[in-house]
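What follows is each chain in one-letter form.
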Amino acid sequence: MRRLAVVGEVRASPEHLAADLYATHRLSLVRLAVLLVDDTAAAEDVVHDVFAGLLTGGKHLRDPDAAVAYLRRAVVNRARSALRRRRTARAYTPPEEASRAGPDDLAVLSEEHREVCSALQTLPTRQREVLVLRYWSNLSEIQIADVLGISQGTVKSTASRALAALEKKLEGER
């Protein structure tokens, strides 16, 4: 093996060393990566990432003779990472979209919505306010208490009574 980027006793810059290593060993490293990841484009990406890391990662090769061994090890590690990412991506199954409601479902839902709104109108004002703030405005019990100027305990008991009355009203209509 020839000594890389050494001129007399003065060693070349890391950029020159990386360029020399790239020109000399890129093809063999790509072949190695192809055998590991079984995809030429991914193998080339692995090798390019290794060389980019060599230049931008702040690593300087202390021993240019050990550079090829370092690059091989880095290619193997990057290939493993690529395979892990590939396996994770293949294992991912996106959540199913909710089935679209048909016209019959929309009609039933609209009717139920009208029934709930109608039953809600029969409740006393404070109970209706608590339920609307809780379930339509998504406010917490503390926020409802602040808005209505009542205690948190009153919010809880009012919501409980309102839900019981609403349930009784809706079951009576069916």
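Residues numbered from 1 in each chain as written. Predicted model: local features only at pLDDT ≥ 70, side-chain atom pairs only at ≥ 80, totals over all residues. Heavy atoms only, no water.

Notes on a nonpolar patch on the surface
Phase 1 of the analysis: Together, Val132, Tyr135, Trp136 and Leu163 make up a nonpolar patch on the protein surface, roughly 380 Å² of accessible area in all.
Phase 2 of the analysis: The biggest single contributor to the nonpolar patch is helix 5 (residues 125-136), with three residues.
Phase 3 of the analysis: Summarising the element assignment, Trp136 is placed in helix 5.
Phase 4 of the analysis: On the accessibility criterion, Trp136 (47% relative accessible area) is partly exposed. (Patch = residues over 30% accessible without salt bridge, like charges linked within 9 Å, V, L, I, M, F, W, Y side chains within 5 Å. Areas by Shrake-Rupley, 256 points an atom, 1.4 Å probe, with all protein chains shown as cover. Salt bridge = Lys/Arg side-chain N within 4 Å of Asp/Glu carboxyl O. Helix = DSSP H or I, 4+ residues; strand = E, 2+ residues; numbered from the N terminus. Buried < 20%, exposed > 50% of the residue type's maximum accessible area, 1.4 Å probe, protein only.)

Things to note about a positive patch on the surface
Phase 1 of the analysis: Among the surface-exposed residues, Arg78, Arg80, Arg84, Arg85 and Arg87 lie close enough to one another that they form a single positively charged patch.
Phase 2 of the analysis: By the element assignment, Arg87 lies in helix 3 (residues 67-91). (Lys, Arg positive; Asp, Glu negative; His and termini not counted. Charge placed at Lys NZ, Arg CZ, Asp CG, Glu CD.)

Describing helix 5
Phase 1 of the analysis: Given a rise of 1.5 Å per residue, 12 residues ought to cover 16 Å, and the 16 Å separating the end C-alpha atoms of helix 5 matches this to within 8%.
Phase 2 of the analysis: All of the buried residues in helix 5 are Gln127, Val130, Leu131 and Leu133. Buried residues of helix 5, viewed axially, fall in a sector of 170°; they line one side.
Phase 3 of the analysis: Following helix 5 by one or two positions, Asn138 has its phi on the positive side, about 55°. (Expected span 1.5 Å × (residues − 1). Arc of directions from axis to C-beta.)

Observations concerning the packing of helix 2 (residues 40-56) against helix 3
Phase 1 of the analysis: Two numbers describe how helix 2 lies on helix 3: the axes approach to 9 Å, and their chain directions differ by 125°. When the interaxial angle is binned, helix 2 and helix 3 end up oblique. Considering how the two elements wind past one another, helix 2 and helix 3 form a crossing that is right-handed. The residues of helix 3 that touch helix 2, namely those facing Ala42, Val46, Val47, Asp49, Val50, Phe51 and Leu54, are Tyr70, Leu71, Ala74, Val75, Arg78, Ala79, Ala82 and Arg86.
Phase 2 of the analysis: Considered class by class, the residues forming the contact of helix 2 with helix 3 number 12 nonpolar, no polar and three charged. (Axes fitted to C-alpha atoms, helices over the stretch in contact; angles between N-to-C directions. Parallel < 35°, antiparallel > 145°, perpendicular 65-115°, else oblique. Left-handed = near helix turned anticlockwise from the far one by under 90°. Contact = heavy atoms within 4.5 Å. Nonpolar A, V, L, I, M, F, W, Y, C, P; charged D, E, K, R; others polar.)

Here we look at the packing of aromatic side chains
Phase 1 of the analysis: Under the counting rule described, the total for this entry stands at one aromatic pair.
Phase 2 of the analysis: An angle of 85° between the planes, with centres 5.1 Å apart, marks the rings of Tyr22 and Phe51 as edge-to-face. Here the residue Tyr22 occupies a position in helix 1 (residues 14-37), and Phe51 occupies one in helix 2, the gap between them amounting to 29 residues.
Phase 3 of the analysis: The exposure class assigned to Tyr22 is partly exposed, which follows from its relative accessible area of 28%.
Phase 4 of the analysis: Exposure remark for Phe51: the relative accessible area of 6% places this residue in the buried category. (Phe/Tyr/Trp six-rings, centres within 6.5 Å; stacked < 30°, edge-to-face > 60°.)

Considering the confidence of the model for the chain
Phase 1 of the analysis: Across the chain, pLDDT averages 82, with 82% of residues at or above 70.
Phase 2 of the analysis: When mean pLDDT is compared element by element in the chain, helix 6 (residues 141-148) scores highest at 91, while strand 1 (residues 6-7) scores lowest at 42.
Phase 3 of the analysis: Within the model, the stretch residues 1-10 combines pLDDT values under 50 with 15 contacts to residues more than four positions away or in other chains. (pLDDT = per-residue confidence, 0-100.)

Overview of the nonpolar core
Side chains of a nonpolar character, in soluble globular proteins, are inclined to be buried together.
Phase 1 of the analysis: Ranked by size, the top nonpolar core spans 21 residues in total, and within it Leu21, Val47, Phe51, Leu71 and Val75 carry the most contacts.
Phase 2 of the analysis: Those elements that place two or more of their residues in this core are helix 1, helix 2 and helix 3. (Core = buried A, V, L, I, M, F, W, Y, C linked by side-chain atoms within 4.5 Å.)

A closer look at the pattern of salt bridges
Pairing is possible between side chains that carry opposite charge, provided their charged atoms lie close to one another.
Phase 1 of the analysis: Applying the stated criterion across every chain, the model contains one salt bridge.
Phase 2 of the analysis: Two residues, Arg134 and Glu141, come together in a salt bridge whose shortest N-O distance is 3.3 Å.

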